[in-house]
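Residue-level structural notes
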Amino acid sequence: RNSRIKLMEESRIRENLRSRDIDLLEYAMQGANQGDPCDYVAASPKPKFEVLHRANGRKLISGREFMKLYADGPSLSQLSNGMPKIIHQTWWSRKVSEKNLFYSSSWLRCMPDWVHVVWDDDEARALYKGFRPDLLEMFDSYPEPVQRSDVFRYLVLQTYGGLYVDMDYECVKDISGPEGIGGNATVYMSAAPNPLVDGDAQNTLMASVPGDPFWSHVLWTLGGRCGRMAEPELLIRILVFLGACSTAYQMRPFLGWTGISVLWTTGPQMVSEAYKTYDPDKKQNVRLLPVDQFNGQADRGAKDGAMLQLEETFPCAPKAIHRNSAGWTSNTPFPWTGEHRVFGVRIPHRLVAILIIEVIVVLGLCWRWCLYFKLSEEQEKERKAN
């Protein structure tokens, strides 16, 4: 009940903020951070007021406003590969932090003629309700807001196409050329800087033409085996096998770090799984953008970054930099309790304890069964002897 009240209150806040005007011009005119350790950023050209003040991307419009303006109105201009010039981002409401507004304004500096939309949580749900009502129950079943944010981005690219970027992604240079998202492919995703954590691809920067079949495969992967939820814990495996995904999602945070579940159910590991299992004949239309050009994520900022001993890190990139605030990892309902590493795989301490308890219970049941079988055998012998 308290959870429903909280959701209703958040929805009222979003509704009140939806008419809030967000103008990126002031942030964009500040230019790139000249004190940034990345030379590419400091060397970015100064923004020109005469270009930006009339640009399509000056205002961050809402998802509802976008659908109203472009559903039956003027068509969006496109790249030569058919990709519409629209940038999608998502946040819980239009109450966006100053830091993220600065990052968002970098896309205005780089690609000023692109329409820029920030979808809030209610608008993301409305997208599923309107275009994939068959998946709305799955959307609502996710316990973590970041999971709903993940699945939103796949449907918005399938429905409208364009470019999706996380709020903490900073544009350094226009990426819409043939060496970026304007080439011959129909889907683009940033390659993952840390394959041990994310797999082959990240879902932080993605671009697509509308209606590309790859996103149907991604949504199919989402629904299969609870998003390919890989768990060593017996109870979760049983729930996944039975298709009780909602219960499995709710149980997973109690067993350890929520991030593991997010990565595999809706995040980069799930997208990487979809990429690996995609039709080989169509896979040539999906391109992974090189990390050293389009991601620039220095994974040393992650909790386990130092332990992974990556051969390469990419703190800077000449096209776009993922600042990797990873704010969603602090929203877990239980504190992080430490981990063991078994054959390079991290296993949370709480999960280790539960696994030990389960093994003891299973051994106890086996002992009881063996004892019962032995007693039954002795009783049968006595019956025959009598």
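Since the structure is predicted, the reported quantities are computational estimates derived from the model, not experimental observations. (Residues numbered from 1 in each chain as written. Predicted model: local features only at pLDDT ≥ 70, side-chain atom pairs only at ≥ 80, totals over all residues. Heavy atoms only, no water.)

**Looking at the sheet that holds strand 3 (residues 115-119)**
Operational definition: Only strands joined by at least two bridges in the DSSP assignment are considered to pair. Helix numbering and strand numbering both begin at the N terminus, where a helix is a DSSP run of H or I of at least 4 residues and a strand a DSSP run of E of at least 2. Every angle, taken between N-to-C directions, lies between 0 and 180 degrees, and every axis is a line fitted to C-alpha atoms, over only the stretch in contact when it is a helix. Contact definition: two residues touch when any of their heavy atoms are within 4.5 Å.
Strand order in the open sheet made by the seven strands is 1-3-2-4-7-6-8, with mixed pairing throughout. Each of the sheet's edge strands pairs with one partner strand only, and the pair in question is strand 1 (60-62) and strand 8 (286-289). Between one strand axis and the next, the sheet turns by 30 degrees as a mean value, whatever way the strands run. Note: strand 1 against strand 3, three bridges, orientation parallel. When the sheet's bridge partners are listed, Leu-60 is paired in strand 3 with His-116. Packed on one face of the sheet, helix 9 (residues 145-160) meets strand 2 (86-90), strand 3, strand 4 (162-165) and strand 7 (201-208) and runs near 20 degrees to strand 7.

**Let's talk about the side chain of Ser-190**
Let me state the cut-off plainly: Under the scheme applied here, a residue whose accessible area is under 20% of the maximum for its type counts as buried, over 50% as exposed, and between as partly exposed, the area being computed with a 1.4 Å probe on protein chains only.
With respect to the element layout, Ser-190 can be found in strand 6 (residues 187-191). The exposure class assigned to Ser-190 is buried, which follows from its relative accessible area of 0%. If we skip the residues at most four places from it in the chain, Ser-190 touches Tyr-169, Ala-201, Gln-202, Leu-205, Leu-289, Phe-294 and Asn-295.

**Quick notes on the packing of helix 9 against helix 11 (residues 213-223)**
The condition that has to hold: An angle below 35 degrees is treated as roughly parallel, one above 145 as roughly antiparallel, one from 65 to 115 as roughly perpendicular, and anything else as oblique. Each helix crossing is assigned a hand: it is left-handed if the near helix lies turned anticlockwise from the far helix by less than a right angle, otherwise right-handed if that turn is clockwise. Each residue is assigned to one of three groups, with Ala, Val, Leu, Ile, Met, Phe, Trp, Tyr, Cys and Pro labelled nonpolar, Asp, Glu, Lys and Arg labelled charged, and all others, Gly among them, labelled polar.
Their axes nearest at 9 Å, the elements helix 9 and helix 11 cross at an angle of 150 degrees. Here helix 11 runs roughly antiparallel to helix 9, going by the angle between their axes. Where helix 9 crosses over helix 11, the two elements pack in a sense that is left-handed. Between helix 9, through Val-151, Tyr-154, Leu-155, Leu-157 and Gln-158, and helix 11, the contact on the second element is made entirely by Trp-215, Ser-216, Val-218, Leu-219 and Leu-222. Here the residues of the contact of helix 9 with helix 11 sort into eight nonpolar, two polar and no charged.

**Description of the state of the cysteines**
The condition is simple: Counting rule for disulfides: a pair of cysteine sulfur atoms within 2.5 Å.
One pass over the full model with this rule turns up one disulfide. Each disulfide pairs two cysteine sulfurs, and for Cys-110 the partner residue is Cys-171, the sulfurs being separated by 2.5 Å. An S-S torsion of about -120 degrees defines the bridge between Cys-110 and Cys-171 as left-handed. One end of the pair, Cys-110, is in helix 6 (residues 98-110); the other, Cys-171, is in strand 5 (residues 169-171), with 61 residues separating them in the sequence. Here Cys-110 matches Cys-171 in class, with each residue buried. No disulfide involves Cys-366; its sulfur sits 6.4 Å from the nearest other cysteine sulfur, which is in Cys-370. Classification of Cys-366 by relative accessible area gives partly exposed; the value is 41%.

**Focus on the pattern of salt bridges**
This is how it is decided: We count a salt bridge whenever a side-chain nitrogen from Lys or Arg sits within 4 Å of a carboxyl oxygen from Asp or Glu.
Taken as a whole and judged by the stated rule, the model has 11 salt bridges. Across the pair Asp-150 and Arg-153 runs a salt bridge whose closest N-O atoms are separated by 3.5 Å. Linking Asp-150 with Arg-153, this pair stays in helix 9, spanning three residues, or about one helical turn. On the basis of relative accessible area, Asp-150 is assigned to the buried category, the value being 4%.

**Examining a nonpolar patch on the surface**
Condition: Distance thresholds for patches are 9 Å for like charges and 5 Å for nonpolar side chains (Val, Leu, Ile, Met, Phe, Trp, Tyr), applied to residues having over 30% relative accessible area and no salt bridge. Calculation of accessible area relied on Shrake-Rupley with a 1.4 Å probe; when residues are assessed, cover is drawn exclusively from the protein chains displayed.
Residues Ile-238, Phe-241 and Leu-242 make up a contiguous nonpolar surface patch of roughly 380 Å² in combined accessible area. Structurally, Leu-242 is set in helix 13 (residues 234-242).

**Side note on the packing of aromatic side chains**
Rule in force here: Whether two aromatic rings pair depends on their centres lying within 6.5 Å, for rings of Phe, Tyr and Trp, where Trp uses its six-membered ring; planes under 30 degrees apart make the pair stacked, over 60 edge-to-face, and the rest tilted. Comment: the charge-over-ring label is applied if NZ (Lys) or CZ (Arg) is within 6 Å of the ring centre and within 35 degrees of the ring normal.
In total, this model carries 12 aromatic pairs according to the counting rule given. Aromatic pair Phe-131 and Tyr-160: ring centres 6.0 Å apart, planes at 75 degrees, arrangement edge-to-face. Placement of the pair is Phe-131 in helix 7 (residues 121-131) and Tyr-160 in helix 9, with a sequence separation of 29 residues. We classify Tyr-160 as buried; its relative accessible area is 18%. Lying across the ring of Phe-102, Arg-109 places its NZ or CZ 5.7 Å from the centre. Across the ring face of Tyr-275, the terminal group of Lys-283 is positioned such that the distance to the ring centre comes to 4.3 Å.

**With respect to the environment of Asp-174**
Rules: Polar contacts here mean pairs of N or O atoms no more than 3.5 Å apart (in protein, one a potential hydrogen donor and the other a potential acceptor; neighbouring residues in sequence count only if both atoms are side-chain atoms).
Note that Asp-174 resides in the loop between strand 5 and strand 6. Between the alpha carbons of Asp-174 and Leu-108 there is a distance of 9.8 Å; along the sequence they are 66 residues apart. Look past the residues within four positions of Asp-174 in its chain and what remains in contact with it is Cys-110, Met-111 and Lys-319. In this structure the side chain of Asp-174 is engaged in a polar contact, spanning 2.7 Å, whose partner is the side chain of Ser-176.

None of this, on its own, says anything about what the molecule does.
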